[in-house]
Amino acid sequence: MLQPKRVKYRKMHRGRRLGSAHSGATLAFGDYGMCADANAWLTAQQIEAARRVFVRFLRTGGKLWIRVFPDKSATKKPAETRQGGGKGAPDHWVAVVRRGKILFELGGVTEAMAKEAIHLASYKLPIDTSLVEREVSQVES
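How each quantity is defined
Residues numbered from 1 in each chain as written. Predicted model: local features only at pLDDT ≥ 70, side-chain atom pairs only at ≥ 80, totals over all residues. Heavy atoms only, no water. Pairing = 2+ DSSP bridges. Helix = DSSP H or I, 4+ residues; strand = E, 2+ residues; numbered from the N terminus. Axes fitted to C-alpha atoms, helices over the stretch in contact; angles between N-to-C directions. Buried < 20%, exposed > 50% of the residue type's maximum accessible area, 1.4 Å probe, protein only. Phe/Tyr/Trp six-rings, centres within 6.5 Å; stacked < 30°, edge-to-face > 60°. Lys NZ or Arg CZ within 6 Å of the ring centre and 35° of its normal. Core = buried A, V, L, I, M, F, W, Y, C linked by side-chain atoms within 4.5 Å. Contact = heavy atoms within 4.5 Å. Salt bridge = Lys/Arg side-chain N within 4 Å of Asp/Glu carboxyl O.

**Q** Any details on the sheet that holds strand β7 (residues 129–133)? Residues and values, ideally.
**A** The four strands are arranged β3-β6-β1-β7 in an open sheet whose pairing can be described as antiparallel. Two strands close off the open sheet at either side, each with one partner strand: β3 (63–66) and β7. Averaged over all neighbouring strand pairs, the angle between strand axes comes to 20 degrees, with direction disregarded. One ladder, built from four bridges, connects strand β1 (residues 32–36) with strand β6 (residues 102–107); its direction is antiparallel.

**Q** Provide a residue-level description of unusual backbone geometry, including the pertinent values.
**A** Located in the positive-phi region is arginine 59, a residue other than glycine, with phi close to 55 degrees. Along the chain, arginine 59 turns up in the loop between α1 (44–58) and β3. A residue is classified by how much of its surface remains accessible, and arginine 59, at 71% relative accessible area, is exposed. We note that glutamate 80 has phi near 60 degrees; this positive angle belongs to a residue other than glycine. If you trace the backbone, glutamate 80 turns up in the loop between β4 (72–76) and β5 (89–97).

**Q** Which residues make up the packing of aromatic side chains, and what values go with them?
**A** Summed over the entire model, instances satisfying the criterion amount to two aromatic pairs. Seen in terms of ring centroids, phenylalanine 54 and phenylalanine 104 are 5.1 Å apart; in terms of plane orientation they differ by 50 degrees. Their pairing is tilted. Of the two residues, phenylalanine 54 sits in helix α1 while phenylalanine 104 sits in strand β6, which places them 50 residues apart along the sequence. Accessibility assignment for this pair places phenylalanine 54 and phenylalanine 104 in one class, buried. In this structure, arginine 17 is placed above the aromatic ring of tryptophan 41, and the distance from its NZ or CZ to the ring centre is 4.9 Å.

**Q** Go over the nonpolar core, please, and point to the residues and values.
**A** Among the nonpolar cores identified, the biggest contains 23 residues, and Met34, Phe54, Leu103, Phe104 and Leu106 are the most heavily contacted of them. Listing elements by their share of this core, those giving two or more residues are β1, β2 (40–43), α1, β5, β6 and α2 (111–122). Dropping the residues within four chain positions of it, leucine 103 is found in contact with Met34, Ala36, Leu42, Trp65, Ile66, Arg67, Val68, Val97, Leu125, Ile127 and Thr129.

**Q** Before we move on, can you summarise the pattern of salt bridges with the specific residues and values?
**A** This structure, assessed with the given rule, holds three salt bridges. The closest approach of N and O atoms between arginine 134 and aspartate 31, which form a salt bridge, is 3.8 Å. With arginine 134 in the segment after β7 and aspartate 31 in the segment before β1, this residue pair connects regions lying 103 residues apart in the sequence. A salt bridge links arginine 51 to glutamate 48, with the nearest nitrogen and oxygen atoms 2.8 Å apart. Of this pair, arginine 51 and glutamate 48 both sit in helix α1, three residues apart, which is roughly one turn of the helix.

Written out as structure tokens, the structure is:
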């Protein structure tokens, strides 16, 4: 599971999940990408589940890049605990994802394979996703 090796502070504020992504909204490595269509927290378990779907579907062909990392701690209080008593202990790690962020990138595969792989992996994530393709610049000669 993905998680930071160490952090400066154990507990973090929840923050706001408004607006669209500024950084990480364009393809940087592969030819096809999975783009987030909504704002959400993706847990490390969800990212790992989607990664496993990609790896199993692609077998040995193609390359996968993971463009999100769960670096925010989410806390949880124990079940059947009364109110008060401070913030709960860190429970899991999440990645803050905004609309337009590229989550995964694929390279070295056909468009049909990329489309099917992204479709299958999207079932593992709690948000709607879409396929984005690299724009091919036409060279005039």
